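One-letter residues, chain by chain:
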Amino acid sequence: MTVETLHSHGWPDSVRIVDSHTGGEPTRIVVSGGPDLGSGKLAERRERLRDEFDDFRAAVVLEPRGTDVLVGGLLVEPSEPDCVAGIIFFNNVGVLNMCGHGTIGLAATLAHLGRVDKGVHRLDTPVGSVGIELHENNEVSVENVPSYRFARNLTIEVEGHGPLSGDVAWGGNWFFLVEDHGQVIEVGNVERLSDFTRRIRSALDREGVTGADGGEIDHIELFAPTDNPAADSRNFVLCPGGAYDRSPCGTGTSAKLACLVADGKLSPGETWRQESVIGSIFEATGKLDGDKVIPTVRGSAYVTGEGELFFDSTDPLRTGIST
Ligand code: PYC
């Protein structure tokens, strides 16, 4: 898209942003000045962002303004009347369905802006509305969308590894969850873990393994025991754009909870403490909703900055650096 087309598309010259991190994973919320996506359902507005404003997405999260690790969110008016705000998350390669760490960061952002008080609120997302509760000490609980296991113990052939088995589960995004992988989940090993999980994603792709309705499995999650007495398990999560999640991943923890409940390893109401590869922790509990589980994921987020991004029309790198 040329700069002239961007202008005629109503691309802004600048936007206001608030940055935060949740367990080490950064979130950048565009709080004002973003493109007008109309007033339809959030799923429709997400498609509009994807189809008509992809350069805007890229400009907000990619270098030189952002990084591949950054998850962005466009704050919009909700379409659901009981919601205080609507949010469309995106990252370095496209739009997301939902984002757990991002929702915790968004709650901290809304509190920072004085737009919500402590207590319980609802947010509209492209995959359904979610609850947030703001606690003391920067902690936030997110009542996520109903989560479930779609396929159990599926075996794929991973290049350089051989057969590998895992579960496919939905936690607001599609995950392939693997317990038995032979990898060491430690922060010093993230390059190797990233390469390994990318090969798993390629194998899923090659073998045509998807979530329900052909949904792409774009998140890969490995688990291992932890020696941290404050956690039940440590994970490594590969995100769609190739970066790894510094947090334990809210939607990934939700998918894990659904599998644990389905296996009878966790009872509704019991707490699961998921540690990330860098050592941050989310606590999660679930309640049954038919054959699905509604997870509540609790973590803490800190606002790290606030400001304005400029998109100078003469800047040749206005739309970011795509690699
Ligand atoms: O916390 O759900 C999450 C998430 C998805 C991608 C990065 N974080």
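In case you missed it, the structure is sitting above this.
Described below are features of the structure shown in this document.

### Some details on the overall build of the chain
Consideration 1: Within the chain, the regular secondary structure consists of 6 helices and 15 strands.
Consideration 2: Its C-alpha atoms give the chain a radius of gyration of 19 Å, within 12% of the compact-globule value 20 Å for 323 residues.
Consideration 3: When the backbone C-alpha atoms are referred to their principal axes, the chain occupies close to 55 × 45 × 35 Å.
Consideration 4: When the 323 residues of the chain are sorted by exposure, 55% land in the buried category.
Consideration 5: Excluding contacts between residues fewer than 6 apart, the proportion of contacts in the chain whose partners are at least 24 apart in sequence is 64%.
Consideration 6: Just so you have it, the chain exposes about 13400 Å², and 45% of that area is on carbon and sulfur atoms.
Consideration 7: When the 28 positive and 49 negative side-chain charges of the chain are each reduced to one mean point, those points stand 1 Å apart.

### Details of the nonpolar core
Consideration 1: Among the nonpolar cores identified, the biggest contains 61 residues, and L75, I156, F176, I200, L204, L222 and F236 are the most heavily contacted of them.
Consideration 2: Residues I17, L49, I88 and L309 belong to the second largest nonpolar core, which totals 20 residues.

### Focus on the packing of aromatic side chains
Consideration 1: The tally for this structure, following the rule as stated, stands at 5 aromatic pairs.
Consideration 2: Between W170 and W174, the aromatic rings sit 5.1 Å apart at their centres with planes inclined by 55°, giving tilted as the arrangement. Side by side, W170 and W174 carry an identical accessibility label, which is buried.
Consideration 3: Both rings, one in F236 and one in Y244, keep their centres 5.7 Å apart while their planes meet at 25°; by these two values the pair is stacked.
Consideration 4: The buried category is assigned to F236, whose relative accessible area is 0%.
Consideration 5: Three or more aromatic residues link up through ring pairs in this structure, and these residues are Y148, F150, W170 and W174.
Consideration 6: Between R246 and the ring centre of Y244, over which it is positioned, the NZ or CZ distance is 3.9 Å.
Consideration 7: Directly above the aromatic system of F223 lies the positively charged group of K256, at a separation of 4.2 Å from the ring centroid.

### A short note on the pairing of strand β4 (residues 85-90)
Consideration 1: Counting buried positions over the 6 residues of β4 gives 6, a clear majority of the element.
Consideration 2: Bridge count for strand β3 (residues 71-76) against β4 is 5 bridges, and the pairing is antiparallel. The residue bridging V76 from the neighbouring strand is G86, located in β4.
Consideration 3: Inspection of the sheet shows β4 paired to strand β5 (residues 119-124) by 2 bridges, in the parallel sense.

Rules and cut-offs
- Residues numbered from 1 in each chain as written.
- Predicted model: local features only at pLDDT ≥ 70, side-chain atom pairs only at ≥ 80, totals over all residues.
- Heavy atoms only, no water.
- Helix = DSSP H or I, 4+ residues; strand = E, 2+ residues; numbered from the N terminus.
- Rg over C-alpha atoms; globule rule 2.2 N^0.38 Å.
- Buried < 20%, exposed > 50% of the residue type's maximum accessible area, 1.4 Å probe, protein only.
- Contact = heavy atoms within 4.5 Å.
- Areas by Shrake-Rupley, 256 points an atom, 1.4 Å probe, with all protein chains shown as cover.
- Lys, Arg positive; Asp, Glu negative; His and termini not counted.
- Charge placed at Lys NZ, Arg CZ, Asp CG, Glu CD.
- Core = buried A, V, L, I, M, F, W, Y, C linked by side-chain atoms within 4.5 Å.
- Phe/Tyr/Trp six-rings, centres within 6.5 Å; stacked < 30°, edge-to-face > 60°.
- Lys NZ or Arg CZ within 6 Å of the ring centre and 35° of its normal.
- Pairing = 2+ DSSP bridges.

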